[in-house]
Structure formats: C-alpha cells, structure tokens
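Residue strings, one per chain:
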Amino acid sequence: MKSESTTKRQVMRNPYFDFLRGIAILMVVGIHTYPGNHNLTGPVSEVVQLVLINIFNCAVPLFLAISGYFLAKKKLTTWIDCREFWKKQIPVVYIPCLIFSLPWFITSCISMSWGGIFANTLNFFLCGYSVYYFIALIIECYLLAPVLVRHNNVTTLILTIIISLSATLMAEYTRFYLGVELPLLLRGSCPVLLIFFYIGIFLSRHSRNYSLWIPISLMVTGIILGLLQMQYIRETFAISAQGQKITLYLFDAGVILFCMSQKCESAYRANPINRLILYIGEISFGIYFTHVYLIYIADRFFPAMRENWIILWLFSLILTMLIIMAVKKIAPVYAKKYLGYR
C-alpha cells in the first residue's frame, strides 16, 4: 500500500510537465553530442545547423521556467518557510553535483601546484566543472524565489527582463568586443537567465489560456533575429556564435509560452512515445549529471562515434538510462539522496 505522502506527491505531480522535462533533457543531450560542422556543409545545411543549435539551447530556459512554475506554488511567506525550503531543496541538487564533480576535481588537481589546487577547490564547490553550472544557477534562483514569488506581477516581470537583457549585453560585449571568454558560471548565471525563471513564476498565477499565435510569433521572430546575429558575429569577429544571445530571448520566451500554454497541455495524450518521454523527464535530473561521463567515454574509446550525431546521442541517452535504472534498483535510497536519481 502506498503511503499518504507518496499519494500526495503523485497527485501534485503533473505528467505533462514531466513530458516537457523529457523534451528539455533530450535537447540537453542533443546539444552536448552535436558534431558541429563535421557533417553539414553548404549554405542550406549551415542554416539548418544554426537553427538546430538555437532550438537545443532553449532547453535550459525551459527547465528554469518549469522550476519557477512549481516553486511559485510553495508557501514562502515567512522566514521559517524560506529557511525550511532552502534547507530541504538546496542539498537535493548540491550534494549530487559535488559527488559527480569529484572525478573532475581529482583529475584536475593531479600534478598541480597548490595555487592550482586552490582554484580547482573553488571550482569544485561553486559547481564549475563540466556542464554543472546549472546547479549554481538553480541554487541562485532558489535563494531569490521567495522575493520573486511574493512580487508576482507585471512590474517585476519588466524588471527581470531589464536585468537579464542588461547582463546578457554585458556578457556579449565582454566576449565579442573585449575578446574575453567568460566561464559558464558567469555566462549561465542568474542575472543572465533570470527572466526565464520568472516567466514560470508569472505563469503560475496568471492565465495560460492565451492565443498560440503569440508564442509562435515570438519564436519565428527570435529565430530569424538569432540567425542574423550569429551571421553578423561570425563575419565581424570570426568566432563561434553559439550559446545564449540577446536576440534568442524572444525565441526562448516563445518556446516557454508555447509549451506551457493551457492549449498544449490539454492536447497532451499518454501514448507510448509520450510515456517514454515522460519517463525520461522523471529521471532528467539523473540524466543531466550522468550523460557527460558517457559522452567522455564515447569520445575516449569510440572517437568515430562523434561523427555520427544520432548514434552518439542514442548511445549516451540509452546507456545513461540503463545505469540510472540499475542503480535505483540496487540502492534506491542512496541513488535518490546522493546521485539525484529520483
């Protein structure tokens, strides 16, 4: 028999949003296994490549919006509420990050001076290894959540837009005009991506039954402007233009509004494919931590796999899922508490 708390969690859980998490983590694995220019040549293929990169890059904004949407439903009105929320929620994401960062930390510290070890120690505790910057980002959002939830209105929405656009412009100026490549911890920090977290909060208490032409218009406009900006950057600065850019905020916002609309949620059906994606969404946190190691193994021992994007994508995803299922079966409590295998 299921416990009362388990039943309550299942009632509160929305399968459609787990489905969205599944879509988002598929895009995360997709962007990390993407071969770049290896397989695509010619102007048409280049445009296709740039469009795919931009689409995949909206995964993190979508994850943030979903997190904001559900956090806004929590009681965070008093200091005790906030303290209990932080005490419970932050270790859930931080402890697995430290454990999965440990191999990177050890290998980085080998044969290093004390100064290098100190820098790596900071990197370790700040979630700076591999793609784990997202953990630092979500912790920053957790810390700001009580204030943002309390001021869930249009004024705060405009303020978060200004903050994110200003931070992104500064990051772009630093990279493209000063030639300084900022670490992911700064390029993916809370000020840069705050707007997407707040969109989720905003939607939690406002109608999601809007016309789909609004997000579709934002997506089309954003992808066109994003392609134009990427082309300008490549021609002007002769460097890669991948990653979050100010023009793509329109596209990312459009994707979030489209996916989180009431119309799309109502259209969701539990067919076999959607149930598979839903399950992937349920274990997306574990996939996020683990898949980078599978990609590393593939690059190290099967370098030819890097030339075939679909094969590397499926290899990383399927093997990661099998590992998560096996560990959850063998040690479910430890898997959930220390590895993020929920």
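Residues numbered from 1 in each chain as written. Predicted model: local features only at pLDDT ≥ 70, side-chain atom pairs only at ≥ 80, totals over all residues. Heavy atoms only, no water.

### Description of the overall build of the protein chain
- When its secondary structure is counted, the protein chain shows 17 helices and 0 strands.
- Residues counted as buried form 49% of the 342 residues belonging to the protein chain.
- Residue pairs at least 24 apart in sequence account for 82% of intrachain contacts in the protein chain once pairs closer than 6 positions are excluded.
- Accessible area for the protein chain stands at about 17600 Å²; split by element, carbon and sulfur atoms hold 71% of it. (Helix = DSSP H or I, 4+ residues; strand = E, 2+ residues; numbered from the N terminus. Buried < 20%, exposed > 50% of the residue type's maximum accessible area, 1.4 Å probe, protein only. Contact = heavy atoms within 4.5 Å. Areas by Shrake-Rupley, 256 points an atom, 1.4 Å probe, with all protein chains shown as cover.)

### Let's talk about the environment of S284
- By the secondary structure assignment, S284 is in helix α15 (residues 284–301).
- Residue classification places S284 among the buried residues on the basis of a relative accessible area of 7%.
- S284 sits 266 residues away from D18 along the chain, and the two C-alpha atoms are 8.8 Å apart.
- Aside from chain neighbours lying at most four places away, what touches S284 is R21, I25 and F63.

### Quick notes on the pattern of salt bridges
- In this structure the tally under the stated criterion is 6 salt bridges.
- The closest approach of N and O atoms between E84 and R83, which form a salt bridge, is 3.9 Å.
- On the basis of relative accessible area, E84 is assigned to the partly exposed category, the value being 39%.
- As a salt-bridge pair, E265 and R208 come within 2.9 Å of each other at their nearest N and O atoms. Placement of E265 in helix α13 (residues 262–267) and of R208 in the loop between α10 (190–204) and α11 (213–237) is noted, with a sequence separation of 57 residues between them. We note that E265, like R208, is buried. (Salt bridge = Lys/Arg side-chain N within 4 Å of Asp/Glu carboxyl O.)

### A closer look at the nonpolar core
- Grouped together as the largest cluster of nonpolar side chains are 94 residues, with contacts concentrated most on L64, Y132, F134, I135, I199 and I287.
- Non-local contacts of I287, meaning those with residues more than four positions away in its chain, are made with I25, V29, I280, L317, T320, M321 and I324. (Core = buried A, V, L, I, M, F, W, Y, C linked by side-chain atoms within 4.5 Å.)

### Section: a nonpolar patch on the surface
- A cluster of nonpolar side chains, contributed by I310, L314, I318, L319, L322, I323 and M325, occupies part of the molecular surface with about 560 Å² of accessible area.
- Along the chain, the position of M325 falls in helix α16 (residues 309–330). (Patch = residues over 30% accessible without salt bridge, like charges linked within 9 Å, V, L, I, M, F, W, Y side chains within 5 Å.)

### Quick look at the side chain of R208
- When its relative accessible area of 9% is taken as the criterion, R208 is described as buried.
- A distance of 2.9 Å separates polar atoms of two side chains, one belonging to R208 and the other to E265. (Polar contact = N/O pair within 3.5 Å; in protein donor to acceptor, adjacent residues only side chain to side chain.)

### So, the packing of helix α5 (residues 79–109) against α15
- It is the contact of α5 with α15, at a shortest axis distance of 11 Å, that shows an interaxial angle of 5°. Between α5 and α15, the interaxial angle falls into the category roughly parallel. Residues V92, V93, P96, C97, F100, S101, P103 and W104 of α5 lie in contact with α15, whose contacting residues are F285, F289, T290 and Y293.
- Tallied by class, the residues present in the contact of α5 with α15 amount to 10 nonpolar, 2 polar and no charged. (Axes fitted to C-alpha atoms, helices over the stretch in contact; angles between N-to-C directions. Parallel < 35°, antiparallel > 145°, perpendicular 65-115°, else oblique. Nonpolar A, V, L, I, M, F, W, Y, C, P; charged D, E, K, R; others polar.)

### A short note on a positive patch on the surface
- Together, K74, K88, K336 and R342 line one region of the surface with positive charge.
- Inspection of the secondary structure assignment puts K336 in helix α17 (residues 332–339). (Lys, Arg positive; Asp, Glu negative; His and termini not counted. Charge placed at Lys NZ, Arg CZ, Asp CG, Glu CD.)

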